[in-house]
Amino acid sequence: YNISFASITWEECTLRQWMNDEFYNRAFIESEKKHILTSYLENADNSEYGTEGGNDTEDKVFALSLEEAGQYFGIPSEWGDCWATASPELSAAKVTAYAAAQEMWVVSIYESSAGNGDWWLRSPGSSNNSAASVDLDGEVYVYGDRVDIVNNATRPVLWLELNP
């Protein structure tokens, strides 16, 4: 989420910078970029812990927020340190060969979660030096992980214009 341990929000974290610069420019050619919309992102506070979400941003590529993870993965609205998802087969993320080559942690000991890894959300965790994440079983971790953990993956999100 961030290259160093610091009190930081999505607006200033290195993951956001990477997604909207290096990833965006390497993953897409110019003709594809024309169809990627700029998204206005509301960066809400963590309502369980009151941690400040920071300023809203405009991004081409982004990570889901806690609220969006709930919306897209059917996560119940009750809060707690973890949310059980209604669709763990959707929210649990298989680690790609590229991510594994970047030293992303991959689960190999639990049969039901084999090949999965944790991934970042853009929302803050219990403090501004933590960010919410989704664990290897697809459960949202509202408390969050330290922002400088290097073995959480990313699931880049973007909105496309399909009929230009």
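Rules of the game
- Residues numbered from 1 in each chain as written.
- Predicted model: local features only at pLDDT ≥ 70, side-chain atom pairs only at ≥ 80, totals over all residues.
- Heavy atoms only, no water.
- Core = buried A, V, L, I, M, F, W, Y, C linked by side-chain atoms within 4.5 Å.
- Buried < 20%, exposed > 50% of the residue type's maximum accessible area, 1.4 Å probe, protein only.
- Helix = DSSP H or I, 4+ residues; strand = E, 2+ residues; numbered from the N terminus.
- Phe/Tyr/Trp six-rings, centres within 6.5 Å; stacked < 30°, edge-to-face > 60°.

*Asks:* Tell me about the nonpolar core, residues and numbers included.
*Replies:* If you look at the biggest cluster of nonpolar residues, it comprises 28 residues, and the most contacted ones within it are Y1, W10, L15, W119, L121 and V140. For this core, the secondary structure elements donating two or more residues are helix 1 (14–27), helix 3 (66–73), strand 6 (119–124), strand 7 (130–134) and strand 8 (140–146).

*Asks:* Mind laying out the packing of aromatic side chains, listing which residues take part and the relevant values?
*Replies:* All told, the structure shown has 7 aromatic pairs when counted by the stated rule. Look at Y49 and Y143: their rings are 5.8 Å apart centre to centre, the planes differ by 80°, and that puts the pair in the edge-to-face class. Of this pair, Y49 sits in the loop between strand 1 (39–41) and strand 2 (57–59) while Y143 sits in strand 8, placing them 94 residues apart in sequence. Overall, the relative accessible area of 30% leaves Y49 in the partly exposed class. Assessed through its relative accessible area of 38%, Y143 is described here as partly exposed. Aromatic ring contacts, followed pair by pair, group W18, F23, Y24 and F28 into a single cluster.

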